[in-house]
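Structure assessment
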Amino acid sequence: KAGVTQTPRYLIKTRGQQVTLSCSPISGHRSVSWYQQTPGQGLQFLFEYFSETQRNKGNFPGRFSGRQFSNSRSEMNVSTLELGDSALYLCASSRRGHYEQYFGPGTRLTVT
Amino acid sequence: SQQGEEDPQALSIQEGENATMNCSYKTSINNLQWYRQNSGRGLVHLILIRSNEREKHSGRLRVTLDTSKKSSSLLITASRAADTASYFCATDATDSGNTPLVFGKGTRLSVIA
């Protein structure tokens, strides 16, 4: 089975712009979670989607949003980018009822 | 906020030695997982231990869980240079599957050949 894929892998944006990141889960996995990883804060949970519904949301401002499509692919969007949004954004998928998560390689976002 | 806190933050050992990393957490959990992350890449699931288990093995990995102390340890035996990575514990504190994991800040392991 193909693993979790994330596009793009690297992105450079300017403050004030917006960005959309994409995640394709492992085939058959209907749950997708997003995490932000920074050296200072570590890995922080952003949100989780299952069957196109947001099930959980982390403590991030409303500039961070996401969605899931009927084929389980997910996107996250960050509007009005700030320097502090520079991070590695990780997507993970899992099977219903299973705790183990399978991570993609991440998207490295740099905001200048 | 981090649920799990790993200790030590960094560990450097010689190839062939054992590496032990510890994780402490704050609230009751259903499961505790360990993940590995190679530099700047995605995380790889290593092992899951349920709250009613005390010890679990997988290859060169041994995980223990002490729910009374709210702590876990990960032992990697006969370490190899390829084990160089960051190791994270992750917990979920709710009673249903597919809940958000809360990660610690990780232990950075360096195995010197």
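Our subject in this report is the structure included herewith. (Residues numbered from 1 in each chain as written. Chains lettered and ligands numbered in written order. Predicted model: local features only at pLDDT ≥ 70, side-chain atom pairs only at ≥ 80, totals over all residues. Heavy atoms only, no water.)

1. Considering the pairing of strand β11 (residues 107–111) of chain A
Moving residue by residue along a regular strand, the side chains alternate between the two faces of the sheet. Residues and elements named next belong to chain A. Here is the rule: Here the term buried applies to any residue with accessible area under 20% of the maximum for its type, exposed to any over 50%, and partly exposed to those in between, with areas from a 1.4 Å probe on protein chains only. Working definition: helices are DSSP H or I runs of at least four residues, strands are E runs of at least two. Numbering for both runs from the N terminus. Between any two strands, pairing holds if DSSP finds at least two bridges.
Every second residue of β11 is oriented toward a common face, the buried set being T107, L109 and V111 and the non-buried set R108 and T110. Of the strand pairs in this sheet, strand β2 (residues 10–13) and β11 are connected by four bridges, and their pairing is parallel. Its bridge partner lying in β11, Y10 is registered against R108. Pairing analysis gives three bridges linking strand β9 (residues 87–94) to β11, with the strands arranged antiparallel. Bridge pairing links L88 to R108 in β11.

2. Focus: the packing of aromatic side chains
For any pair of aromatic rings, geometry is given as the distance between the ring centres together with the angle between the planes. Under the convention used in this document: What counts as a ring pair is set by centres within 6.5 Å for rings of Phe, Tyr and Trp (its six-membered ring), and what kind of pair is set by the plane angle: stacked under 30 degrees, edge-to-face over 60, tilted for all other angles. In this analysis the charged atom, NZ for Lys or CZ for Arg, is taken to sit over a ring once it is within 6 Å of the ring centre and within 35 degrees of the ring normal.
What the rule picks out here adds up to eight aromatic pairs over all chains. A ring pair is formed by Y35(A) and F45(A), whose centres lie 5.8 Å apart and whose planes are at 65 degrees; its orientation type is edge-to-face. Here Y35(A) is found in strand β4 (residues 31–38), whereas its partner F45(A) is found in strand β5 (residues 42–50), with 10 residues between them in sequence. The buried category is assigned to F45(A), whose relative accessible area is 13%. Among the aromatic side chains, those forming a connected cluster through ring pairs are Y35(A), F45(A), F103(A), Y35(B) and F103(B). One residue, R55(A), lies across the ring of F50(A), its end atom 5.1 Å from the ring centre.

3. Things to note about the sheet that holds strand β3 (residues 19–24) of chain B
All names here are of chain B. Rule in force here: Under this scheme, a helix contributes an axis fitted over its contacting stretch, all axes are lines through C-alpha atoms, and angles between N-to-C directions fall in the 0 to 180 degree range.
Strand order across the open sheet formed by five strands is β1-β3-β8-β7-β6, with antiparallel pairing between neighbours. What marks the edges here is a single partner per strand, and that holds for β1 (5–7) and β6 (55–58). Across the sheet, the mean angle from the axis of one strand to that of its neighbour is 20 degrees, orientation sign disregarded. Where β3 and strand β8 (residues 71–76) come together, six bridges link them in antiparallel fashion. Of the residues in β8, the one forming a bridge with A19 is I76.

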